[in-house]
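Structure at a glance
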Amino acid sequence: MTQSSDLQIHINDQQTFFVNQNIISAYSGRLKKIIKQNKRRTQIEISIIELNDFPGGPEGFEQVSRFCYSYARAEITVSSVSLLYCCAFFLGMTEKASSNNLLRQTEEFLEGMIYWSWNDIIMSLRSCDSFFSYADSYGIIQKLIFALLAKIAQTSDVNFITCSSSSSPETSYGFRLSSTSKTTPDSTSPCNKSGKAWWFDDLTMLSPKIIEKIIRNLGSYGNQNKSFTNTRFLLHYLKSRPQGSPNSKSEYRGLADTAVHGVILVGKTKFSCRKLFWVLRVVSAFSLSKDYRGGLESLIGENLDEATVDDLLVSGHNKGVYDVNLVIRLIRVFVKDAGVSSQKMKKVGRLIDKYLREISPDQNLNISKFLAVAESLPDSARDCFDGVYRAIDIYLQSHPTLSLEQRSRVSRCLNYEKLTFEASKDLAKNPRIPPNISVQALMSQQSKVPQNKFVYESRSRGNKSNYSHSHLILFNGCIDSEESFSEGTEDMKLNLQKKKWRVVELEKACREMKGQTQISRLVRHNSTAITSWYNGTLPRFC
């Protein structure tokens, strides 16, 4: 046929179709108008038409062409009706162009939507992803959502009522969740053992744009979300989403904000501290708004005493294995609460000490972050600083390249007065701890020794009035001789002898450090104290 391919139609710059003008224009009012305009401007036999943003792209136009070449016969299914409806609307395939045209046939098919199965509705909604803007503007999305919510209402204890603003195109088919005296958040809709309603999993197959439309129709989007069922569904939906690019994450921001608003609304009455951390992990994968993130972190921080170490070990998004900044923010929220009891404060203190030991091996954890966590709690939160010392030891062992100054800086968070005798003894033997820190820790232990156990005698030597020799005399009713010295005391004696030489070496190094004159004086003072001890005779028992 000489006239079989007298028209070229370029679809979305993706594919070209060669069709007959008379056949295609007999059903499409829009193409018929374009062809007439082209004939007035040019005398070329083969016309060229470009159609951009065509619904469904080349696949959609191919189905329209088959309809036209089949003399208005088309196989319409639940998976194809949405696309055919949008294409017919786009091309103006109305009854004005031809009787029993494609638009009328698809409308008649959609009228039977109320009899569709649940899976048919889900399938049809999924087919709208590639041409969502057209399906939404032509009203097909709204009709499908209407049918979807009707199915949920028919087979659940959830009640839906029509939105009051029926004049708005967006809410003309809308529903929202209604809580009556018989339907509470605890009893709405049948749930399985995991707490999911029966329709949760099926809706996870839908795109975020369609889910947003559904939630808007329920009147539960953003700060209007007062439905615990919708909150649980959104968390389930977000958890099932794959980790995509930053651009795709922004599509979920509104859903994540809506879910967090619902969580904050019910707070601790529905979510334990561990569950709140789970929510934080789920929504952190998406572009959560700053205000909602702050609200969720405040809710967690207020209940930090119920957390465990595993809860705090949230993966870091930038450098570092763990999100240390998050924990610092949570501690600040907890500490600011004036109503926190001493018992809860000490419980959090023990928790943070365990957390410090967990994060210390991280090679990307800098000194500032380590100290920020260690010093985020007041001294009253810890009865004992042995846990902090163990964390410092792990940190120094995992970061062997730290300088003497850096190791001294790490150790500044220790409260020597709150170290046990055993921890101080271990600290004195620890080669990773700077000598000046060891001396300060050991000197602080003197206040813990009972005063009636130690007596100092001074004996002058010759006529040297400026020189005195001291004896340390230990009184103990149960000990009568030097042979009964405890093993711990002997170890302390040897460790002090070693520290004496380490302090002398440190004194030389400190003189060369700029701006460290105070440290030098402290080391020189402690060195003198230890030297005067060992210039005398060994302690003896009386």
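Residues numbered from 1 in each chain as written. Predicted model: local features only at pLDDT ≥ 70, side-chain atom pairs only at ≥ 80, totals over all residues. Heavy atoms only, no water.

Right, let's get into the overall build of the chain. Helix and strand counts for the chain come out as 25 helices and eight strands. Every one of the 542 residues in the chain was classed for burial, and the buried ones make up 47%. Of the roughly 28500 Å² of accessible surface on the chain, 49% is carried by carbon and sulfur atoms. (Helix = DSSP H or I, 4+ residues; strand = E, 2+ residues; numbered from the N terminus. Buried < 20%, exposed > 50% of the residue type's maximum accessible area, 1.4 Å probe, protein only. Areas by Shrake-Rupley, 256 points an atom, 1.4 Å probe, with all protein chains shown as cover.)

Our focus in this paragraph is the sheet that holds strand 2 (residues 15–19). Strand order in the open sheet formed by three strands is 2-1-3, with mixed pairing between adjacent strands. Since the sheet does not close on itself, it has two edges, and those belong to strand 2 and strand 3 (47–51), each with one partner. The average angle at which neighbouring strand axes cross in this sheet is 20 degrees, direction not considered. In this structure, strand 1 (residues 7–11) lies alongside strand 2, joined through five bridges in antiparallel fashion. Bridging across to strand 2, Ile 11 finds its partner in Gln 15. Sitting on the sheet, helix 3 (residues 57–69) touches strand 1, strand 2 and strand 3, and the angle it makes with strand 2 is about 10 degrees. (Pairing = 2+ DSSP bridges. Axes fitted to C-alpha atoms, helices over the stretch in contact; angles between N-to-C directions. Contact = heavy atoms within 4.5 Å.)

The subject of this paragraph is the pattern of salt bridges. Throughout the structure, instances matching the rule amount to 14 salt bridges. The salt bridge involving Arg 293 is made with Glu 297; its shortest N-O contact spans 3.7 Å. A residue pair is termed a helical-turn pair when its members lie 3 or 4 positions apart in one helix, as Arg 293 and Glu 297 do in helix 15 (residues 290–302) at four residues. Exposure remark for Arg 293: the relative accessible area of 22% places this residue in the partly exposed category. Given the relative accessible area of 7%, Glu 297 is considered buried. Ionic pairing is found between Arg 412 and Glu 375, a salt bridge with its closest N-O pair at 3.1 Å. Pair noted here: Arg 412 is in the loop between helix 21 (404–410) and helix 22 (421–429) and Glu 375 is in the loop between helix 19 (367–374) and helix 20 (386–398), with a separation of 37 residues, a long-range link. Taken together, the shared-partner salt bridges in this structure form one network comprising Glu 95, Arg 104 and Glu 108. (Salt bridge = Lys/Arg side-chain N within 4 Å of Asp/Glu carboxyl O.)

Another aspect to go through is the nonpolar core. Leu 203, Ile 211, Ile 214, Leu 238 and Phe 370 are the most contacted members of the largest nonpolar core, which has 136 residues in total. For this core, the leading source of residues is helix 4 (residues 81–91), giving nine residues. When residues no more than four places from it in sequence are discounted, the contact partners of Ile 214 are Ile 145, Leu 148, Leu 149, Leu 203 and Leu 206. (Core = buried A, V, L, I, M, F, W, Y, C linked by side-chain atoms within 4.5 Å.)

Chain-level pLDDT for the chain is 79 on average; 72% of the residues reach the 70-or-more range. This stretch, residues 450–486, has a pLDDT under 50; its non-local contacts, to residues over four places away or in other chains, come to 59 contacts. (pLDDT = per-residue confidence, 0-100.)

This next bit is on a positive patch on the surface. Together, Lys 344, Lys 347, Arg 350 and Lys 354 line one region of the surface with positive charge. Considering the arrangement of structural elements, one finds Lys 344 in helix 18 (residues 342–359). (Patch = residues over 30% accessible without salt bridge, like charges linked within 9 Å, V, L, I, M, F, W, Y side chains within 5 Å. Lys, Arg positive; Asp, Glu negative; His and termini not counted. Charge placed at Lys NZ, Arg CZ, Asp CG, Glu CD.)

A few words now on the packing of helix 11 (residues 228–240) against helix 14 (residues 273–283). Helix 14 packs onto helix 11 with a crossing angle of 50 degrees between their chain directions and a minimal axis gap of 9 Å. The angle between helix 11 and helix 14 falls in the class oblique. The two elements helix 11 and helix 14 meet at a crossing, and its hand is left-handed. Here Leu 235, Leu 238 and Lys 239 of helix 11 lie close against helix 14, whose contacting residues are Trp 278, Val 279, Val 282 and Val 283. (Parallel < 35°, antiparallel > 145°, perpendicular 65-115°, else oblique. Left-handed = near helix turned anticlockwise from the far one by under 90°.)

Tracing the backbone shows Ser 424 in helix 22. Taking C-alpha positions, Ser 424 is 9.1 Å from Ser 444, a pair spaced 20 residues apart along the chain. With sequence-adjacent residues up to four places away left out, Ser 424 is seen in contact with Leu 419, Ala 441, Leu 442 and Gln 445.

Here the focus is helix 23 (residues 435–444). Along helix 23, eight of the 10 residues are buried, which leaves the element largely enclosed by surrounding structure. Those residues of helix 23 that fall on the buried side of the exposure criterion are Pro 435, Asn 436, Ile 437, Ser 438, Val 439, Ala 441, Leu 442 and Ser 444.

Phi is positive for Asn 12, which is not a glycine, with a value near 55 degrees. Within the element layout of this structure, Asn 12 appears in the loop between strand 1 and strand 2. On the basis of relative accessible area, Asn 12 is assigned to the buried category, the value being 19%. Not every positive phi belongs to a glycine, and Asp 53 is a case in point at roughly 55 degrees. In this structure, Asp 53 sits in the loop between strand 3 and helix 3.

Glancing now at the side chain of Thr 258. In this structure, Thr 258 sits in helix 13 (residues 253–266). According to the relative accessible area criterion, Thr 258 is buried, its value standing at 0%. Within the local environment of Thr 258, its side chain forms a polar contact with the backbone oxygen of Gly 254, the two atoms lying 2.7 Å apart. For Thr 258, the residues in contact, after removing those within four places along its chain, are Ile 215, Ser 220, Tyr 221, Gly 222, Asn 225 and Leu 234. (Polar contact = N/O pair within 3.5 Å; in protein donor to acceptor, adjacent residues only side chain to side chain.)

Moving on to the packing of helix 3 against helix 4. Running from N to C, helix 3 and helix 4 cross one another at 80 degrees; their axes reach a closest spacing of 10 Å. Taken as axis vectors, helix 3 and helix 4 run roughly perpendicular relative to one another. Facing Gly 60, Gln 63 and Val 64 of helix 3, the residues of helix 4 in contact are Leu 83, Leu 84, Cys 87 and Leu 91. Across the contact of helix 3 with helix 4, the residue classes tally to five nonpolar, two polar and no charged. (Nonpolar A, V, L, I, M, F, W, Y, C, P; charged D, E, K, R; others polar.)

Turning our eyes to something else, we now look at the packing of aromatic side chains. Scanning the model with the defined rule gives 18 aromatic pairs in all. A ring pair is formed by Phe 89 and Tyr 138, whose centres lie 4.2 Å apart and whose planes are at 20 degrees; its orientation type is stacked. In this pair, Phe 89 is assigned in helix 4 and Tyr 138 in the loop between helix 7 (132–137) and helix 8 (140–154), connecting sequence segments 49 residues apart. Between the aromatic rings of Trp 199 and Phe 200, the centroid separation amounts to 4.8 Å while the plane-to-plane angle is 75 degrees, which identifies the pairing as edge-to-face. Considered together, Trp 199 and Phe 200 belong to a single accessibility category, that of buried residues. Ring pairs connect the aromatic residues Phe 17, Phe 54, Phe 61, Tyr 85, Phe 89, Phe 90, Tyr 134 and Tyr 138, which therefore count as one cluster. Directly above the ring of Phe 385 sits Arg 382, whose terminal nitrogen or CZ lies 5.4 Å from the centroid. (Phe/Tyr/Trp six-rings, centres within 6.5 Å; stacked < 30°, edge-to-face > 60°. Lys NZ or Arg CZ within 6 Å of the ring centre and 35° of its normal.)

With that settled, the discussion passes to the side chain of Asn 225. Structurally, the position occupied by Asn 225 is in the loop between helix 10 (208–217) and helix 11. Under the relative-accessibility criterion, Asn 225 is labelled buried at 0%. Polar side-chain contacts of Asn 225 include one of 2.9 Å to the backbone oxygen of Thr 258. If we ignore the near neighbours within four places in the chain, the residues touching Asn 225 are Ser 220, Asn 230, Thr 231, Thr 258, His 261, Gly 262 and Leu 265.

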